[in-house]
Amino acid sequence: MQSILVTPRNSQEFLLLSEFLEKSKISNEILSLEEMEDIGLYKLMNESDRSKKVSQDVIFKLLD
């Protein structure tokens, strides 16, 4: 099954959507800011170019 992610513009819109989903008995879940960031990071990781490899030396030099 597919999902829809909706971000209300303000608290009034959030309440309106929440009430609608509850009254319509539509399954929903409220995500925290941290959970939304995790989803964004996951999407970026999936879209990244994995064909190139970098040595540990290069990584450690960048971290110093």
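Fair warning: this is a prediction, and the values are worked out from it, not measured in the lab.

What counts as what
- Residues numbered from 1 in each chain as written.
- Predicted model: local features only at pLDDT ≥ 70, side-chain atom pairs only at ≥ 80, totals over all residues.
- Heavy atoms only, no water.
- Salt bridge = Lys/Arg side-chain N within 4 Å of Asp/Glu carboxyl O.
- Buried < 20%, exposed > 50% of the residue type's maximum accessible area, 1.4 Å probe, protein only.
- 1 Å grid on protein atoms, 1.4 Å probe; cavity = no way out; pocket = protein on both sides within 12 Å on 5 of 7 lines; lining within 4 Å.
- Points joined across faces, edges and corners; volume = space filled by probe spheres on them.
- Helix = DSSP H or I, 4+ residues; strand = E, 2+ residues; numbered from the N terminus.
- Nonpolar A, V, L, I, M, F, W, Y, C, P; charged D, E, K, R; others polar.
- pLDDT = per-residue confidence, 0-100.
- Patch = residues over 30% accessible without salt bridge, like charges linked within 9 Å, V, L, I, M, F, W, Y side chains within 5 Å.
- Areas by Shrake-Rupley, 256 points an atom, 1.4 Å probe, with all protein chains shown as cover.

(A) Fine view of the pattern of salt bridges. Inspection of the entire model under this criterion finds 1 salt bridge. Taking the shortest distance from any N to any O, the salt bridge between Glu13 and Arg9 comes out at 2.6 Å. When its relative accessible area of 72% is taken as the criterion, Arg9 is described as exposed.

(B) Fine view of the layout of surface pockets. Volume-wise, the largest pocket comes out at about 790 Å³. Together, 18 residues line the largest pocket, and Ile4, Val6, Leu21, Asn28 and Glu29 are the ones closest to its centre. Examining the composition of the lining of the largest pocket, we find that 4 residues originate from one element, helix α1 (residues 11–23), more than from any other. When the residues that make up the lining of the largest pocket are grouped by side-chain class, the tally is 11 nonpolar, 6 polar and 1 charged.

(C) Inspection of the confidence of the model for the chain at higher detail. A residue-level look at the chain finds 100% of positions with pLDDT of 70 or above and a mean pLDDT of 92. Within the chain, the element-level pLDDT minimum falls on helix α3 (residues 56–63), averaging 90, and the maximum on α1, averaging 97.

(D) Quick peek at unusual backbone geometry. In this model, Lys25 sits at a positive phi of 55°, which is unusual for a non-glycine residue. In this fold, Lys25 is placed in the loop between α1 and α2 (33–47). Residue Lys25 is classed as exposed on the basis of its relative accessible area, which comes to 77%.

(E) Spatial organisation of the environment of Arg50. Of note, Arg50 is situated in the loop between α2 and α3. Sequence separation between Arg50 and Arg9 is 41 residues, and the spatial gap between their C-alpha atoms is 36 Å.

(F) Structural detail: a nonpolar patch on the surface. On the surface, a cluster of nonpolar side chains totalling about 630 Å² of accessible area is made up of Val54, Val58, Ile59, Phe60, Leu62 and Leu63. Inspection of the secondary structure assignment puts Leu63 in helix α3.

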